[in-house]
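If you want the building blocks of each chain, they are given just below.
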Amino acid sequence: MDELDILKKDWKKQESSFQQIGEKEIYGMLHKGSSSIVKWVLIISILELLLWLSFAFFTADDQYLEKLKLYHLDTLMPIMTVISYGVILFFIFLFFKNYKTINATDNVKQLMQNILKTRKTVKYYVWYNLAMTALSFILVFIFQFMYDPNITKMVEKMSQNVNINIFYCIMLVIYAVIIALFVGLIWLFYRLLYGILMKRLQKNYNELKKIDY
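Just so it is clear, the model here is predicted, and its values are computed rather than measured. (Residues numbered from 1 in each chain as written. Predicted model: local features only at pLDDT ≥ 70, side-chain atom pairs only at ≥ 80, totals over all residues. Heavy atoms only, no water.)

**A few points about the overall build of the protein chain**
- Secondary structure assignment for the protein chain yields seven helices and zero strands.
- Its helices and strands taken in sequence order, the protein chain reads α-α-α-α-α-α-α from the N to the C terminus.
- Within the protein chain, buried positions represent 34% of all 213 residues.
- Element-wise, carbon and sulfur atoms account for 66% of the exposed surface of the protein chain, whose accessible area totals about 14000 Å². (Helix = DSSP H or I, 4+ residues; strand = E, 2+ residues; numbered from the N terminus. Buried < 20%, exposed > 50% of the residue type's maximum accessible area, 1.4 Å probe, protein only. Areas by Shrake-Rupley, 256 points an atom, 1.4 Å probe, with all protein chains shown as cover.)

**Quick look at the packing of aromatic side chains**
- Summed over all chains, the structure comprises 14 aromatic pairs.
- Taking 6.1 Å as the distance between ring centres and 75 degrees as the angle between the ring planes, the aromatic pair formed by Y125 and Y190 counts as edge-to-face. Placement of Y125 in helix α5 (residues 108-147) and of Y190 in helix α7 (residues 164-212) is noted, with a sequence separation of 65 residues between them.
- Accessibility expressed as a relative area gives 1% for Y125, which makes it buried.
- The interplanar angle of 35 degrees and the centroid separation of 4.9 Å between the aromatic rings of F137 and F182 together place this pair among those described as tilted. One end of the pair, F137, is in helix α5; the other, F182, is in helix α7, with 45 residues separating them in the sequence.
- The exposure class assigned to F137 is partly exposed, which follows from its relative accessible area of 22%. (Phe/Tyr/Trp six-rings, centres within 6.5 Å; stacked < 30°, edge-to-face > 60°.)

**Let's talk about helix α4 (residues 76-104)**
- Here α4 spans 42 Å end to end across 29 residues, near enough to the 42 Å set by a 1.5 Å rise per residue.
- Every buried residue of α4 is listed here: M77, M80, S84, I88, F91, I92, F95, N98, Y99 and I102. (Expected span 1.5 Å × (residues − 1).)

**Examining the nonpolar core**
- If you look at the biggest cluster of nonpolar residues, it comprises 51 residues, and the most contacted ones within it are Y125, Y194 and L208.
- Counting residues per element, this core draws most heavily on α5, at 15 residues. (Core = buried A, V, L, I, M, F, W, Y, C linked by side-chain atoms within 4.5 Å.)

**Details of the confidence of the model for the protein chain**
- This prediction gives the protein chain a mean pLDDT of 83; 87% of its residues lie at or above 70.
- Looking over the protein chain, one finds the lowest element-wise mean pLDDT in helix α1 (residues 2-13), namely 54, and the highest in α4, namely 91.
- For the stretch residues 15-19, pLDDT sits under 50, and the model shows two contacts to residues farther than four places along the chain or on other chains. (pLDDT = per-residue confidence, 0-100. Contact = heavy atoms within 4.5 Å.)

**Quick notes on a nonpolar patch on the surface**
- Where nonpolar side chains cluster on the molecular surface, the patch consists of I46, L47, L50 and L53 and spans about 340 Å² of accessible area.
- Given a relative accessible area of 45%, L50 falls into the partly exposed group. (Patch = residues over 30% accessible without salt bridge, like charges linked within 9 Å, V, L, I, M, F, W, Y side chains within 5 Å. Salt bridge = Lys/Arg side-chain N within 4 Å of Asp/Glu carboxyl O.)

**Examining the layout of surface pockets**
- Quantified by volume, the largest pocket comes out at close to 1200 Å³.
- Lining the largest pocket we find 33 residues, and of these F55, Y64, M77, T81 and S136 sit closest to its centre.
- Looking at which element gives the most residues to the lining of the largest pocket, the answer is α5, with eight residues.
- Of the residues contributing to the lining of the largest pocket, the split by class is 22 nonpolar, eight polar and three charged. (1 Å grid on protein atoms, 1.4 Å probe; cavity = no way out; pocket = protein on both sides within 12 Å on 5 of 7 lines; lining within 4 Å. Points joined across faces, edges and corners; volume = space filled by probe spheres on them. Nonpolar A, V, L, I, M, F, W, Y, C, P; charged D, E, K, R; others polar.)

**Quick word on unusual backbone geometry**
- Here H72, not a glycine, exhibits a phi torsion of approximately 60 degrees, which is positive.
- Among the structural elements, H72 can be located in the loop between α3 (62-70) and α4.
- Exposure remark for H72: the relative accessible area of 46% places this residue in the partly exposed category.

**A few points about the environment of F90**
- Positionally, F90 belongs in helix α4.
- Judged by relative accessible area, F90 falls into the partly exposed class, the value being 48%.
- Between the C-alpha atom of F90 and that of Y125, which follows or precedes it by 35 residues, the distance is 9.8 Å.

**Regarding the side chain of T121**
- Position of T121 among the secondary structure elements: in helix α5.
- The contact partners of T121, leaving out residues within four places of it in the chain, are F91, L94, F95 and N98.

**Points about empty space enclosed by the protein**
- Taken as a whole and judged by the stated rule, the model has one cavity of 30 Å³ or more.
- In this structure, the largest cavity encloses a volume near 40 Å³.
- Along the walls of the largest cavity sit K97, N98, T101, I102, N114, K117 and T118, which together make up its complete lining.
- Taken together, the elements giving at least two residues each to the lining of the largest cavity come down to α4 and α5.
- Counting residues per element, the lining of the largest cavity draws most heavily on α4, which supplies four residues.

Below, the structure written as structure tokens:
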């Protein structure tokens, strides 16, 4: 945005008769910058999907499938995975649609509305992925606790030495901490990837408000 700041300073030095030209130039820079940001959101979301697909492909070995059968998740987890990828593809479609819409925008108010719409879509996308991550961990931990023979033996052994309710509380706290750590790491990942882009988009929006009002 350094070029925009320089342009605005030069614009303010001009006569009032040149104000309309200055506004058009500033709008053109904001429009181009916003379009580029939304394009990067689209590219990053596609790369992210490819990353998760690659990770799933290389980790879905026989041992993983046996674990799913052991935990009685061999039906539920694939269904959840397909649904999750379907929703992510839908968000990618929305990002593509937002990009095309912003490219075709030719007035300040419409561009501002499209920027707000894009920011809202990104926010929903991030929250969906965080919620699905947390839900997946919770389901795995619940079914692991119910069906893993090693944990069953540990519960029987611990119940002879300590209060079983205390043991359950300790396990619940451990699981909650693990889930919080993983979800927190993914949130930081999204904060780094999309947070910077959304701040730039918000800055463009604020500059457009100055033109519009």
